[in-house]
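Chain by chain, the residues:
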Amino acid sequence: LDARREMHLLYKVVRAASDKHLAQQFAVAKEEEGRGKEATWASEERREVEKARREVEAGEALALWGACRGGFLKAVEVALQQEGVDVNQASSSDGSTPLYQACQNGHLDVVRALLGADGIQANQAHNDGRTPLYIACQEGHLDVVRALLGADGIQANQAHNDGRTPLFQACQN
């Protein structure tokens with residue numbers, strides 16, 4: 001286990017699908033509540049795992065959603081272990097799902113984990129009709145788009161409420 005932990009960062013480097021994906025994996029935003037000035041990728045991962053644990057223990061319905069938004073796979077795994085977790089639980093404010101959040105932020109490892117989860121609805125749309133595939137195309141996350149296109153049942157032509165499709169968004173951007 002100790003050897004596995006030591007190799008995890010190297011593993012992330014080797015399996016990164018692109019330079020942008022690698023940068024995304026190690027990016028630490030400049031400001032966030034609770035983050036120390038000397039934050040590192042590893043310390044942020046630990047902080048997010050503990051946050052997910054607290055939310056799971058408190059029975060937070062959106063614990064998985066928050067973990068997916070943050071993008072740390074270990075935190076997502078903790079949230080997925082919650083008894084009765086709904087992998088498709090959407091935010092009441094905008095209808096975004098955990099998968100949508102991961103796709104919007106380009107968290108490829110999280111997207112892959114969610115696509116492997118029982119009951120995942122890869123085409124579940126945001127309140128305005130944007131699907132996870134649509135938002136990944138809009139944000140230019142090519143690796144995430146590839147993963148979604150390989151998912152069973154993906155509807156590549158499911159349109160936004162205004163009629164734009166993921167392909168349109170990809171071409172537009």
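Because the structure is predicted, anything quoted here is derived from the model rather than measured.

### Describing the overall build of the protein chain
Along the backbone of the protein chain there are 10 helices and zero strands. Each helix and strand of the protein chain, ordered N terminal to C terminal, gives the series α-α-α-α-α-α-α-α-α-α. Each of the 173 residues in the protein chain was classed as buried or not, and the buried ones make up 39%. At a minimum sequence separation of 6, the contacts of the protein chain that also span at least 24 residues come to 60%.

### What about the packing of helix α7 (residues 108-115) against helix α9 (residues 142-149)?
The interhelical angle for the contact between α7 and α9, taken along N-to-C directions, is 10°, at an axis separation of 9 Å. Taken as axis vectors, α7 and α9 run roughly parallel relative to one another. Side by side, α7 and α9 meet where Leu108, Val111 and Leu115 of the first sit next to Asp143, Val144, Ala147 and Leu148 of the second. Residues of the contact of α7 with α9, tallied by class, amount to six nonpolar, no polar and one charged.

### Focus on the state of the cysteines
As enumerated under the stated definition, the model contains zero disulfides in all. Between Cys68, a cysteine without a disulfide, and Cys103, which holds the nearest cysteine sulfur, the sulfur-to-sulfur distance is 9.5 Å. Classification of Cys68 by relative accessible area gives buried; the value is 0%.

Here is what the cut-offs are and how they apply
Residues numbered from 1 in each chain as written. Predicted model: local features only at pLDDT ≥ 70, side-chain atom pairs only at ≥ 80, totals over all residues. Heavy atoms only, no water. Helix = DSSP H or I, 4+ residues; strand = E, 2+ residues; numbered from the N terminus. Buried < 20%, exposed > 50% of the residue type's maximum accessible area, 1.4 Å probe, protein only. Contact = heavy atoms within 4.5 Å. Axes fitted to C-alpha atoms, helices over the stretch in contact; angles between N-to-C directions. Parallel < 35°, antiparallel > 145°, perpendicular 65-115°, else oblique. Nonpolar A, V, L, I, M, F, W, Y, C, P; charged D, E, K, R; others polar. Disulfide = S-S within 2.5 Å.

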